Each structure stands twice: as structure tokens, then as C-alpha cells.
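Remarks on the overall topology
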Amino acid sequence: MPNRNETGYTLPGKAESYWVATTPESNYPALSGDIRVDVAIIGGGIVGITSAFLLKEAGVSVAVIEADRILRGTTGHTTAKITSQHNLIYDSLISELGRGQAKQYADSNQAAIDKIEYIVRSWNIDCDFSYKPAYVYAGSEASAQKILDEVRAARSLGIPASFEGDLPLPFKTYGSVRFSHQAQFHPRKYLCALAREIEGDGCHIYEKTRALGIEGEGPVIVKTDRGNIKAENIIQATRFPIVDKPGELFKKNLNNRCHMY
């Protein structure tokens, strides 16, 4: 069927993620019966696969479960940019949370860029990784001051930020903040390579295995439609937590997202 954008015009081609379309489909088995590992990970996106990879490197046994196929949900439809630049947030973070927490946020995001580059290089992963600058520009004179405030805030936290007056865009802008030492990559090429390293030595990836609930404490049990996983710890790497009884985690994340963006 033809695809229509929000203006109603017909768009050519197929509505499909480029990252998914240019990588082979995964085919990990479903869980069959009960198992025990050190850490059970619910969700086979970038958080789940990365966590499992790093934990296995540290000598921890893991099991990743995914209700469908890994790396096809939010991760399979990502922007593929690896940045510490997330809209205009650092001036707000300093004002609302203080310089200490704002710097912790900045440092952790910058460290993540370097960590991904280190893994790509160390494991010789062909995933089109390259460093690129990231920009946020002002579309009006009224918002230009926000750009200047963000540049000052980011630089005060040690982020490689600068002000750029002109950008090669086909419309007028009113200044921009540039973050250097940011990156881009092919997320599925990168993560499929990590997934291949997870399997074996007591570590597993199970697809077509849906988590139904979590029971107990130390060890805990992940109940699934294919069996149970007993583990000392659990990572919920789903878009929304499957277990959040008071609802506070979901509400807190939603409030933060709405406020920051």
C-alpha cells in the first residue's frame, strides 16, 4: 500500500526501518523450561543487549528474554545518533537539580560515547561508527537567548560545546549550540555483533518469550509463558517497566520527559 505523510501526500517506497531492513533477522530460540542465572534481563533492545554483553564480560551469567525478536522495537527505529546533546537541557538541569547532578548526567553521557567507540574498536565491529558534531538551532529571535544559555551551561560542565552563528541550512536560523565529539552508527550492526558474543558459557538470549511477572526476593523469579528464570538480580530493560506496583517510576519518568522536552 502507498504510504501517506501527515499532509496527505503519497510517499514512495515501503514504510520500513533502514536499520532493520539492512541487517539479517535474528533467530534465537524460545525458553523451554526453567533455568537459573545470576541476572535475568527483560527486554532485548539496546539497554538489554548492552547490559548482557557487559555483564558477561564481568563473568556474570545472564539470560535475556524478548517477547518478539531482539532489536526490532524502539532500538530498531532509533535516530542512530550517540550524543550527550539532548535538546536544550543542561541549563535547566543546573537550575533544577544543581551543578553536581547535572555534571553527573553530562559525564555519564559523554563516557557512553567513548565506551561504544572502545567496544567497536576492540571487537572490530563493522557498524559505520563515526564521530560527528550535533547541533540545536534557534528558529526565532525569541529563542536565541536559550541557545546562548545552553552553551554557557554545557561548557561549565565540561561538555565540548560552542556557539555557531551560521549553519548551511536552506532557511534562516538565529544561532545554534554545537556539541563536538558526538557520534553516529548503524545500531543493529553494532548490537547484533554484541548479541553474538552473549550466547554461550552459561549466558543466553531467548526470543518469543514473554515475561508475565516477577516474584520473590533474593533470588527472584521471572515468570514467562515458556518457563521460569530464577536469578539473584533482574534488569527491566523494557520501554515501560512490567512491574512498578506503586506506579511511581513510570510517573516520574513521564514527568521528566514532558518537562525536559
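In this report, we go over the structure that sits alongside the text. (Residues numbered from 1 in each chain as written. Predicted model: local features only at pLDDT ≥ 70, side-chain atom pairs only at ≥ 80, totals over all residues. Heavy atoms only, no water.)

Bringing the overall build of the protein chain into the picture now. Looking only at helices and strands, the protein chain has seven helices and 12 strands in total. Counting every position in the protein chain, which comprises 261 residues, the buried fraction comes to 38%. At a minimum sequence separation of 6, the contacts of the protein chain that also span at least 24 residues come to 70%. For the protein chain, the accessible area works out to roughly 15000 Å², and carbon and sulfur atoms hold 51% of it. (Helix = DSSP H or I, 4+ residues; strand = E, 2+ residues; numbered from the N terminus. Buried < 20%, exposed > 50% of the residue type's maximum accessible area, 1.4 Å probe, protein only. Contact = heavy atoms within 4.5 Å. Areas by Shrake-Rupley, 256 points an atom, 1.4 Å probe, with all protein chains shown as cover.)

Turning our attention to the nonpolar core. I49, F129, Y190, L194, I198 and I205 are the most contacted members of the largest nonpolar core, which totals 30 residues. At the level of elements, β3 (35-42), α2 (46-57), β4 (62-65), α4 (99-122) and α6 (187-198) are the ones that each hand at least two residues to this core. In terms of residue count, α6 provides more of this core than any other element does, seven residues in total. Discounting residues that sit within four places of it in the chain, I198 has contacts with I49, A52, F53, K56, V62, C203, H204 and I205. Counting residues in hydrophobic clusters, the runner-up holds 17 residues, among them L93, I94, A138 and A153. (Core = buried A, V, L, I, M, F, W, Y, C linked by side-chain atoms within 4.5 Å.)

A volume near 190 Å³ is recorded for the second largest pocket. If you trace the second largest pocket, you find 15 residues lining it, with P24, R188, C192, A193 and R196 closest to the centre. For the lining of the second largest pocket, the per-class residue count stands at seven nonpolar, three polar and five charged. (1 Å grid on protein atoms, 1.4 Å probe; cavity = no way out; pocket = protein on both sides within 12 Å on 5 of 7 lines; lining within 4 Å. Points joined across faces, edges and corners; volume = space filled by probe spheres on them. Nonpolar A, V, L, I, M, F, W, Y, C, P; charged D, E, K, R; others polar.)

Here we come to the sheet that holds strand β10 (residues 211-215). Hydrogen bonds between backbone groups are what pair the strands of a sheet, and the pairing can be parallel or antiparallel. Taken in spatial order, the six strands line up as β9-β4-β3-β12-β11-β10 in an open sheet, and their pairing is mixed. The open sheet is flanked by β9 (204-206) and β10, the only strands paired with a single partner. The mean inter-strand angle of the sheet, taken between neighbouring strand axes irrespective of direction, is 40°. Bridge analysis of strand β11 (residues 220-224) against strand β12 (residues 227-236) gives five bridges, and the strand direction is antiparallel. Bridge assignment links I221 to a residue of β12, and that residue is K230. (Pairing = 2+ DSSP bridges. Axes fitted to C-alpha atoms, helices over the stretch in contact; angles between N-to-C directions.)

Moving on, we come to the packing of helix α3 (residues 90-97) against α4. The contact between α3 and α4 brings their axes to 7 Å, and the two run at 140°. With respect to α4, the axis of α3 lies oblique. Residue-level contacts link Y90, L93, I94 and L97 of α3 to R99, Q101, A102, Y105 and A106 of α4. Its residues assigned to classes, the contact of α3 with α4 comprises seven nonpolar, one polar and one charged. (Parallel < 35°, antiparallel > 145°, perpendicular 65-115°, else oblique.)

Okay, unusual backbone geometry next. A positive phi angle, close to 55°, is found at N124, a residue other than glycine. Along the chain, N124 falls in the loop between α4 and β6 (130-137). You will see that H181, though not glycine, has its phi angle at about 55°, which is positive. Assignment of secondary structure puts H181 in strand β8 (residues 176-184). Here H181 falls in the partly exposed class, since its relative accessible area comes to 35%.

A full pass over the atoms with the stated rule returns seven aromatic pairs. In this structure an aromatic cluster arises from ring pairing among Y90, Y105 and F179. (Phe/Tyr/Trp six-rings, centres within 6.5 Å; stacked < 30°, edge-to-face > 60°.)

The end-to-end C-alpha distance of α4 is 34 Å, a good match for the 34 Å that 24 residues give at a rise of 1.5 Å each. Listed as buried for α4 are A102, A106, N109, Q110, I113, I116, E117, I119 and V120. Just downstream of α4 lies N124, where phi reads positive at about 55°. (Expected span 1.5 Å × (residues − 1).)

With that settled, consider the packing of α3 against helix α5 (residues 144-156). In a packed pair of helices, the relevant descriptors are the angle between the two axes and the axis-to-axis distance. One way to put it is that α3 packs onto α5 with a least axis distance of 7 Å and a crossing angle of 65°. Taken together, the axes of α3 and α5 are roughly perpendicular relative to one another. Together, Y90, D91 and I94 of α3 and D149, E150, A153, A154 and S156 of α5 make up the contact between the two elements.

Keep in mind these numbers describe shape, not what the thing actually does.
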